[in-house]
Amino acid sequence: MRVHAEDDPQLAGVLRRAGAYVETFGNQLSRIVAEEHYVQTWKRPSVLPGVRGTVVNERELQSDLMLVKPSAAAAWLQYRDVFAVDSLPVRDRAERLTRLFAVPSASTDQQVARIQAESARLNLGDIDRTFNTPLFALQFLETAHQARFAFTHAHDRRAASPVADDSAAFRVSTEIWTVSFEEVRRPTIIHTSDDRDVPTRGRFWIDPQSGQVLMSEFTVRERQRQGTVTVSYQSEPLLGLLVPVEMRERYIDSKAKSEITAVATYGKFRQVAGSEFDALR
């Protein structure tokens, strides 16, 4: 059985607490940098004449991942500062950072777009995506965005089961609520490069007492393409916070028979000094 937020005061309360948690979480994480180890795999049919089979490419990215907020921007963004690709250092890293944050943009929207494009520029495969950062889904729970979605509480065990995954990062032992969501307002948060709406749907695993998000999962579908991003959070004792520890992705293009999978893990969390942080604002 599924109960909608407008019919369930308990669910409405959980969403209020989750919204407050997400807003506090962003402020707490804004001076913390994580090291990301990100492996992407792209499989598609061979296009060489007379050659049948599957072509497989793999790319390994090592990056610093941080929250940044351009001047006048309404929300935080996650910026992926790639410092190595397949174990080779990125040569133009300092110059790109200068262009991205020190050179003025014509508008805040343009700078936000530049940050998103820069964070995604080394993605592998034929499916463009700028939402492949671990905190992306949390914005759906922000108080200002909740009205864009229809939320439901899954009471049956099958719907409330965690992600079908044997990784320890995607297991929970505490009592949680599984809250499903579906984007119902337009324009949507995610859209194509030519401004077509791409609605999201998915699930959050939430501690109903604190509003803490233990896992998130969302799916987008656009014509023959579909993508799913799942993130697990765990406690970081030195920081006293729940932080993302693993992100898993799967994208399928049914027409091109192409599949992209990716696993990112996060560690070496560190607090940055005020001067270092301010240089990235």
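Criteria and cut-off values
Residues numbered from 1 in each chain as written. Predicted model: local features only at pLDDT ≥ 70, side-chain atom pairs only at ≥ 80, totals over all residues. Heavy atoms only, no water. Helix = DSSP H or I, 4+ residues; strand = E, 2+ residues; numbered from the N terminus. Buried < 20%, exposed > 50% of the residue type's maximum accessible area, 1.4 Å probe, protein only. Contact = heavy atoms within 4.5 Å. Areas by Shrake-Rupley, 256 points an atom, 1.4 Å probe, with all protein chains shown as cover. pLDDT = per-residue confidence, 0-100. Phe/Tyr/Trp six-rings, centres within 6.5 Å; stacked < 30°, edge-to-face > 60°. 1 Å grid on protein atoms, 1.4 Å probe; cavity = no way out; pocket = protein on both sides within 12 Å on 5 of 7 lines; lining within 4 Å. Points joined across faces, edges and corners; volume = space filled by probe spheres on them. Salt bridge = Lys/Arg side-chain N within 4 Å of Asp/Glu carboxyl O. Expected span 1.5 Å × (residues − 1). Polar contact = N/O pair within 3.5 Å; in protein donor to acceptor, adjacent residues only side chain to side chain. Core = buried A, V, L, I, M, F, W, Y, C linked by side-chain atoms within 4.5 Å. Pairing = 2+ DSSP bridges.

### Focus: the overall build of the protein chain
At step 1: Secondary structure assignment for the protein chain yields five helices and twelve strands.
At step 2: Taking all 281 residues of the protein chain together, 48% fall into the buried category.
At step 3: Taking the contacts inside the protein chain whose residues are at least 6 apart along the sequence as the reference set, 60% of them involve residues at least 24 apart.
At step 4: Entry remark: accessible area of the protein chain is about 14,700 Å², with carbon and sulfur atoms responsible for 49%.

### Points about the environment of proline 89
At step 1: For proline 89, the location among the structural elements is in strand β5 (residues 88-89).
At step 2: Accessibility expressed as a relative area gives 62% for proline 89, which makes it exposed.
At step 3: In sequence terms proline 89 and leucine 61 are 28 residues apart; their C-alpha atoms lie 10.0 Å from each other.
At step 4: Once residues within four sequence positions are removed from consideration, proline 89 is found in contact with Phe83 and Ala84.

### Considering the confidence of the model for the protein chain
At step 1: Mean pLDDT over the protein chain: 84, with 79% of residues reaching 70 or higher.
At step 2: This model gives residues 157-161 a pLDDT under 50, and the stretch forms nine contacts once residues within four places in sequence are excluded.

### Quick look at the packing of aromatic side chains
At step 1: Counted according to the given criterion, the structure contains 14 aromatic pairs.
At step 2: For the pair phenylalanine 131 and tyrosine 251, a centre-to-centre distance of 6.3 Å together with 50° between the ring planes defines the contact as tilted. One end of the pair, phenylalanine 131, is in the loop between α3 (108-120) and β6 (149-154); the other, tyrosine 251, is in strand β11 (residues 241-253), with 120 residues separating them in the sequence.
At step 3: By relative accessible area, which is 8% here, phenylalanine 131 ends up buried.

### Things to note about empty space enclosed by the protein
A probe as big as a water molecule, rolled over the atoms, marks out the empty space that is left.
At step 1: Inspection of every chain in the model, using the stated rule, returns two cavities of 30 Å³ or more.
At step 2: Volume-wise, the largest cavity comes out at about 80 Å³.
At step 3: Every residue lining the largest cavity is listed: Leu29, Ile32, Ala34, Leu65, Met66, Leu67, Gln78, Leu135, Pro244 and Phe269.
At step 4: The set of elements that each furnish at least two residues to the lining of the largest cavity consists of β2 (32-45) and β3 (54-68).

### Considering the pattern of salt bridges
When the charged atoms of two side chains with opposite charge come close together, those side chains can pair.
At step 1: Under the criterion given, the structure shown has twelve salt bridges.
At step 2: The salt bridge partner of aspartate 64 is arginine 270, with a shortest N-O separation of 3.2 Å. Of this pair, aspartate 64 sits in strand β3 while arginine 270 sits in strand β12 (residues 258-271), placing them 206 residues apart in sequence.
At step 3: Across the pair arginine 223 and glutamate 222 runs a salt bridge whose closest N-O atoms are separated by 3.6 Å.

### Considering helix α1 (residues 9-29)
At step 1: For α1, with 21 residues, the first-to-last C-alpha span of 30 Å sits near the 30 Å given by 1.5 Å per residue.
At step 2: Every buried residue belonging to α1 is among Leu11, Gly13, Val14, Leu15, Ala18, Gly19, Tyr21, Val22, Phe25, Gly26 and Leu29, and all of these are buried.
At step 3: The residue sitting at the N-terminus of α1 and contributing the capping side-chain oxygen is aspartate 8; that oxygen lies 2.9 Å from the backbone nitrogen of glutamine 10.

### So, the side chain of threonine 133
At step 1: Checked against the element boundaries, threonine 133 lands in the loop between α3 and β6.
At step 2: If we skip the residues at most four places from it in the chain, threonine 133 touches Gln78, Arg80 and Met247.

### Points about the nonpolar core
At step 1: The biggest cluster of nonpolar side chains holds 58 residues, and the ones touching the most others in it are Leu141, Phe204 and Phe218.
At step 2: A total of eight residues in this core trace back to one element, the largest contributor, which is α1.
At step 3: The residues touching phenylalanine 218, leaving out its near neighbours within four places in the chain, are Phe131, Phe136, Ala137, Phe140, Phe181, Ile190, Thr200, Arg201, Gly202, Gly227, Thr228 and Val229.

### Thoughts on the pairing of β6
At step 1: Burial analysis of β6 places five of its six residues in the buried class, the great majority of the element.
At step 2: Relative to strand β7 (residues 177-183), β6 is paired through five bridges, and the arrangement is antiparallel. Following the sheet pairing, threonine 152 is matched in β7 by serine 180.

### Digging into unusual backbone geometry
At step 1: Following arginine 186, the chain continues to proline 187 via a peptide bond in cis, the omega torsion being 0°.
At step 2: Positive phi values are uncommon outside glycine, yet lysine 257 reaches one of about 55°.
At step 3: Mapped onto the fold, lysine 257 is located in the loop between β11 and β12.
At step 4: Judged by its relative accessible area of 60%, lysine 257 is exposed.

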